[in-house]
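Chain by chain, the residues run as shown.
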Amino acid sequence: MPELNLVLFGPPGSGKGTQGERLQEDLRLPYYATGDILRAAVREETELGGTAKRYMDRGDLVPDEVIVSVIAERIDSPEAADGFILDGFPRTEPQAEALADRLTELGRSLTAVLLIDVDDDEVVRRLGGRRTCEENGHVFHVEFNPPEKEGVCDLDGSPLVVRDDDEPEVIRHRLEQYHAKTEPLVDFYDRRSLLRRIDGAASPGEVGAELERTLATLRLEADEAI
Ligand SMILES: [Zn+2]
């Protein structure tokens with residue numbers, strides 16, 4: 001079976017986390033989210049973890065070459081022999097270049113970059129409509145999952161509030177950041193014919209089905225290439 005070496009992209013509110021979890025279960029591949037990997041490397045006290053920790057303890061950003069090495073350490077581990085799913089990495093073009101170089105050194109390459117595409121208005125609609133229970137964090141949505149009584153948690157009667165993260169101006173800011181950082185990478189991978197766009201405006205079930213179809217096509221192409 002050919003390897004499936006995947007990168008998952010998508011704006012906040014695209015359902016990327018949900019789809020990533022589902023992919024991980026379906027494909028039985030390790031799912032690497034950068035923040036988690038860095039924390040695990042620090043916890044497991046690997047050499048690179050120690051280096052990363054020195055930056056984090058000072059409150060500095062961990063430099064690209066350290067992040068790339070930490071990710072490469074994972075990719076080169078037995079659990080990732082059949083493939084992996086990266087989330088939150090690469091974030092910049094230099095990181096993408098470095099990832100490509102390290103994969104080449106390992107005799108591997110990316111199979112595809114999956115972009116769950118959702119337009120900004122839909123993101124604002126999804127995230128901006130969220131209402132969170134003040135006491136226990138239960139989440140509702142004014143449109144998709146409204147509480148029985150407006151502004152009150154169905155489960156414990158606590159007031160429902162808009163989390164800071166879900167304020168429209170904060171969402172717009174997160175989207176600006178996403179576009180500024182991610183769009184150059186979308187072009188980068190598109191030029192290398194690795195980009196696959198998934199329409200993220202559909203329901204989670206339909207998005208999952210489209211991801212499955214895309215992966216089936218990728219596997220066919222990989223089989224034919226052998
Ligand atoms: Zn509640």
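A brief structural summary. Bear in mind that the values here come from a model prediction, so they are computed numbers and not experimental data. (Residues numbered from 1 in each chain as written. Predicted model: local features only at pLDDT ≥ 70, side-chain atom pairs only at ≥ 80, totals over all residues. Heavy atoms only, no water.)

**Focus: the side chain of arginine 74**
Moving on, step 1. Assignment of secondary structure puts arginine 74 in helix α4 (residues 64-75).
Moving on, step 2. The class of arginine 74 is buried, set by a relative accessible area of 16%.
Moving on, step 3. Polar side-chain contacts of arginine 74 include one of 3.0 Å to the side chain of glutamate 44.
Moving on, step 4. Excluding residues that lie within four positions of it along the chain, arginine 74 makes contacts with Tyr32, Ile37, Ala40, Ala41, Glu44, Glu79 and Ala80. (Helix = DSSP H or I, 4+ residues; strand = E, 2+ residues; numbered from the N terminus. Buried < 20%, exposed > 50% of the residue type's maximum accessible area, 1.4 Å probe, protein only. Polar contact = N/O pair within 3.5 Å; in protein donor to acceptor, adjacent residues only side chain to side chain. Contact = heavy atoms within 4.5 Å.)

**Examining the pattern of salt bridges**
Moving on, step 1. Overall, the coordinates contain 15 salt bridges when judged by the stated rule.
Moving on, step 2. We note a salt bridge from arginine 102 to glutamate 105, for which the minimum N-O separation is 3.6 Å. A residue pair is termed a helical-turn pair when its members lie 3 or 4 positions apart in one helix, as arginine 102 and glutamate 105 do in helix α5 (residues 93-105) at 3 residues.
Moving on, step 3. Judged by its relative accessible area of 29%, arginine 102 falls in the partly exposed class.
Moving on, step 4. For the salt bridge of aspartate 117 with arginine 197, the shortest nitrogen-to-oxygen distance reads 3.1 Å. (Salt bridge = Lys/Arg side-chain N within 4 Å of Asp/Glu carboxyl O.)

**Focus on the nonpolar core**
Moving on, step 1. In terms of nonpolar packing, the biggest core is built from 31 residues, with Phe84, Leu86, Leu99, Leu110, Val113 and Tyr189 touching the most fellow members.
Moving on, step 2. Of all the secondary structure elements, the ones that give two or more residues to this core are β1 (4-9), α2 (34-43), α4, β3 (83-87), α5, β4 (112-117) and α7 (168-191).
Moving on, step 3. Among the elements that take part in this core, α4 stands out by supplying 6 residues, more than any other.
Moving on, step 4. The contacts of leucine 110, once residues within four sequence positions are left out, are Asn5, Val7, Phe84, Leu99, Leu103, Tyr189 and Leu194.
Moving on, step 5. Ala112, Ile116, Leu215 and Leu218 belong to the second-largest nonpolar core, a separate cluster that totals 15 residues. (Core = buried A, V, L, I, M, F, W, Y, C linked by side-chain atoms within 4.5 Å.)

**Some thoughts on a negative patch on the surface**
Moving on, step 1. Together, Glu93, Glu97, Asp101, Glu183, Asp187 and Asp190 line one region of the surface with negative charge.
Moving on, step 2. Put simply, the parts of the chain that give the negative patch at least two residues each are α5 and α7.
Moving on, step 3. With respect to the secondary-structure elements, aspartate 187 resides in helix α7. (Patch = residues over 30% accessible without salt bridge, like charges linked within 9 Å, V, L, I, M, F, W, Y side chains within 5 Å. Areas by Shrake-Rupley, 256 points an atom, 1.4 Å probe, with all protein chains shown as cover. Lys, Arg positive; Asp, Glu negative; His and termini not counted. Charge placed at Lys NZ, Arg CZ, Asp CG, Glu CD.)

**Focus on the coordination of the zinc ion**
Moving on, step 1. Binding of the zinc ion to the protein goes through Cys133 (SG), His138 (ND1), Cys153 (SG), Asp156 (OD) and Asp156 (OD), at separations of 2.1 to 2.7 Å.
Moving on, step 2. Each donor residue of the zinc ion lies on one chain, and together they are spaced C-x4-H-x14-C-x2-D. Placement of cysteine 133 in strand β5 (residues 130-133) and of cysteine 153 in the loop between β6 (139-141) and β7 (160-161) is noted, with a sequence separation of 20 residues between them.
Moving on, step 3. For cysteine 133, a relative accessible area of 3% translates into the label buried.
Moving on, step 4. The exposure class of cysteine 153 is buried, given its relative accessible area of 2%. (Donors = N, O, S within 2.8 Å, 3.2 Å for Na, K, Ca; no water.)

**Remarks on unusual backbone geometry**
Moving on, step 1. In the segment running from phenylalanine 89 into proline 90, the intervening peptide bond is cis, with an omega of -5 degrees.
Moving on, step 2. Summarising the element assignment, proline 90 is placed in the loop between β3 and α5.
Moving on, step 3. Here arginine 28, not a glycine, exhibits a phi torsion of approximately 50 degrees, which is positive.
Moving on, step 4. Here arginine 28 is to be found in the loop between α1 (16-27) and β2 (31-33).
Moving on, step 5. Assessed through its relative accessible area of 73%, arginine 28 is described here as exposed.
Moving on, step 6. Backbone geometry at glutamate 45 places phi at a positive 55 degrees, although glycine is not the residue there.
Moving on, step 7. Following the sequence through the fold, glutamate 45 ends up in the loop between α2 and α3 (47-57).
Moving on, step 8. What makes glutamate 45 exposed here is its relative accessible area of 70%.

**Describing helix α8 (residues 204-225)**
Moving on, step 1. Taking 1.5 Å of rise per residue, 22 residues should cover 32 Å, and α8 covers 31 Å from first to last C-alpha, within 8% of that figure.
Moving on, step 2. Along α8, the positions that sit buried rather than exposed are Val207, Gly208, Leu211, Thr214, Leu215 and Leu218. One side of α8 carries all its buried residues, which in axial view fall inside an arc of 125 degrees. Opposite the buried face of α8, by more than 90 degrees, sit the exposed residues Arg213, Leu220 and Glu224. (Expected span 1.5 Å × (residues − 1). Arc of directions from axis to C-beta.)

**Brief notes about the packing of α2 against α4**
The description of two packed helices rests on the angle between their axes and on the distance between the axes.
Moving on, step 1. Viewed as axis vectors pointing N to C, α2 and α4 meet at an angle of 85 degrees, and their least axial separation amounts to 10 Å. With respect to α4, the element α2 is oriented roughly perpendicular. Each of Thr34, Ile37, Leu38, Ala40 and Ala41 in α2 lies in contact with α4, whose residues at this interface are Ile67, Val70, Ile71 and Arg74. (Axes fitted to C-alpha atoms, helices over the stretch in contact; angles between N-to-C directions. Parallel < 35°, antiparallel > 145°, perpendicular 65-115°, else oblique.)

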